[in-house]
Structures are given as C-alpha cells and as structure tokens.
Amino acid sequence: MRSHGIAAGSTASRNAVHAWLMLLPALALLVAFTHWPAVSTLVDSFFSTPKGKRPGVWVGLENYAVMTSDPVFWKAVRNNLWFAGATIPLSIALALVMALWVNERIAGRAFLRMAYFTPTVLPMIAVANIWLFFYTPQYGLLEQITGALGLPSHNWLGSPSTALGAITLVAIWKEAGFFMIFYLAALQTLNPSLREAAAIEGASRWYFFRRVQWPLLMPTTLFVLVNAFINAFRMVDHLFVLTRGGPDNASILLLYHLYEVGFSFWDTAYASAITVVLVVVLAGIALFQFFVLDKKVHYK
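Residues numbered from 1 in each chain as written. Predicted model: local features only at pLDDT ≥ 70, side-chain atom pairs only at ≥ 80, totals over all residues. Heavy atoms only, no water.

Student: Before we move on, can you summarise the packing of aromatic side chains with the specific residues and values?
Tutor: Counting across every chain of the model gives 18 aromatic pairs. Where Trp131 meets Tyr135, the ring centres are 5.6 Å apart and the plane angle is 40°; that geometry is what we call tilted. Separated by 4 residues within a single helix, Trp131 and Tyr135 lie in helix H5 (residues 124-135), roughly one turn from each other. Each member of the pair, Trp131 together with Tyr135, is buried. Centroid distance Phe182 to Phe223: 5.0 Å. Interplanar angle 65°. Geometry classified as edge-to-face. Here Phe182, found in helix H7 (residues 163-189), pairs with Phe223, found in helix H10 (residues 218-234); they are 41 residues apart in sequence, far enough to count as distant. Residue class for Phe182 comes out partly exposed when judged on its relative accessible area of 27%. Members of the aromatic cluster, connected to one another through ring pairs, are Trp131, Phe133, Phe134, Tyr135 and Trp173. (Phe/Tyr/Trp six-rings, centres within 6.5 Å; stacked < 30°, edge-to-face > 60°. Helix = DSSP H or I, 4+ residues; strand = E, 2+ residues; numbered from the N terminus. Buried < 20%, exposed > 50% of the residue type's maximum accessible area, 1.4 Å probe, protein only.)

Dropping the structure here:
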C-alpha cells in the first residue's frame, strides 16, 4: 500500500512538472511582454526622463504633479469621457438592434450580416481614410449631400465644434459590427421554444424582448460593455489620419496625448505616469463591472 502511494505521488509530481513545462513558454511571453513592461512603466513614472548620457533621477510624484496641472491632459480626459459616453451606449444599442434584425428570417439575411460585419475586419487606418473622403470639404460625400439640400459648406474635421463628434461617429460605425457578432451568437443559443411559448401567450415582440431576451442577453452585454469601455480609452488609430487631435486639441484623446508626450516630445517619464493612471482607471472600471454589475447578471 505504501509503495502504491509513493508511486501515485511520483506520478502526480511528474504530471505537475509536465504541466508547468507546457505552460512555461506562454508564461515567459506573458512576463516578458506584459508584466515586466507594466512594472517597468510604474518604476519609470517616479524618475525623470533620461537625456543623452544623463540618466533619469528619482523625482517621486513630480510627474503626477505635472499631470494634474497639465491643461492638455485634462482636455484629453474630458474629450475621452465625452467620447466614451457617446460610443459605448450607441455602439451597443446599434449592435443589439442589428443582431435582432439579422437573427430574423428575412430576405438577404446573409448579405446584411456580411455588410454589418465588414467594418470590423477593415484596419482602422483604412476606415479612417474612407471617412476622410466623407468629411473632406467641398467634394466629400457629406458636402455633396448637404450641397444638394441647399445647406452651407462645413469643415467637419477642421471645426472645434464638430471634430470630436466626427471621430465619434467613425468609432461607432466600426465598433457596432464587432459587438453585433456577440449578440447574434447569444441570440442563436436561446431556446426557440421561448418564442413559441410567448406567441401562444399573445406577448408582443417588445414584451418578449424586454422580459425574455434582454435578461438572457445580460452575460453577453456585460462582456461587450467591458470591451466597449476598454476600446473607448484605447482608440487612437483613426486620429492619426483624421485630425491628429486638432484643431486646438478639440479632438485629442488620452492615448493620443500619451503618444505625443512619449514619442513626439520624448518625455518618457511623464508618458509613463499617464500610462499608469490610464491602466489604473481601466482596471478599476473592469473590476467594478465584474464584481458589481456581474451580481445583477443571470447566467441561467
């Protein structure tokens, strides 16, 4: 009996070693490209930016103090909050409407699904160039439509009052198709007998959606909501093509401001401090969604 127990323990040890060896490549990549850069960024945020042969020196919270007095940073924060407040609910609502529509038995359903999903597979730079043509003054698509209606010409990307709204519309157009796929997959897993039972009871489509479909879609909504929040604060690609944060920082977002500080002004220490704040805020939002909103989600 004792020898049998020793053999079983030896087998379990070999299995554990084998499991850790299988995980080692992934763990090495995770530490090298995720955890170590995160720790390094946190450390760099407490030092000054090294220049030439002069190494960085310990400055404590000075970079964070500079951040609190930086008007461009607060402008980027306000813009990003406005951007997130518009893109998150609108893209999720549009994705849900599209998913409900293409889930029905309608003519051309496959074509509609492809059309809705196409913006998702396009690179953001390509999407930005498409919309750059739409927004171009004098001969862009929007200018042609407004001109045909007798409305005055307008520089959508060059006006501080419309630049942020213009890039927000691009993000919604890009994100909605991506979120639609998750809602469509969730709708197709619902038991068809639920709809049949609701029809027998004489429930309207709105009542069926509000009382049956929407509660059952809450796990998908939580997942989509987390992704939407993260995407809203990491959106930067289309700004390079459309506005570069202008005019007069009217459309600047946090990640683009971070890029400018780190790679245009080469103030890596200050950029590290902005990165730490951005990561902490996003982590806090994600934890709140998973541990607070998750309690309101029913998975059965």
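Student: Give me the lowdown on the packing of helix H3 (residues 71-102) against H10, citing residues and values where you can.
Tutor: Direction vectors running N to C along H3 and H10 enclose 145°, while the axes themselves pass 9 Å from each other. Our pair here, H3 against H10, has a crossing hand that is right-handed. Facing Asn80, Leu81, Phe83, Ala84, Thr87, Ile88 and Ile92 of H3, the residues of H10 in contact are Val224, Leu225, Ala228, Phe229, Ala232 and Phe233. (Axes fitted to C-alpha atoms, helices over the stretch in contact; angles between N-to-C directions. Left-handed = near helix turned anticlockwise from the far one by under 90°. Contact = heavy atoms within 4.5 Å.)

Student: Explain H3 to me, and be specific about the residues and the numbers.
Tutor: In this model H3 runs 46 Å from its N-terminal to its C-terminal C-alpha over 32 residues, within 8% of the 46 Å that 1.5 Å per residue would give. One side-chain oxygen at the N-terminal end of H3 lies 3.1 Å from the backbone nitrogen of Val72; it belongs to Asp70. (Expected span 1.5 Å × (residues − 1). Polar contact = N/O pair within 3.5 Å; in protein donor to acceptor, adjacent residues only side chain to side chain.)

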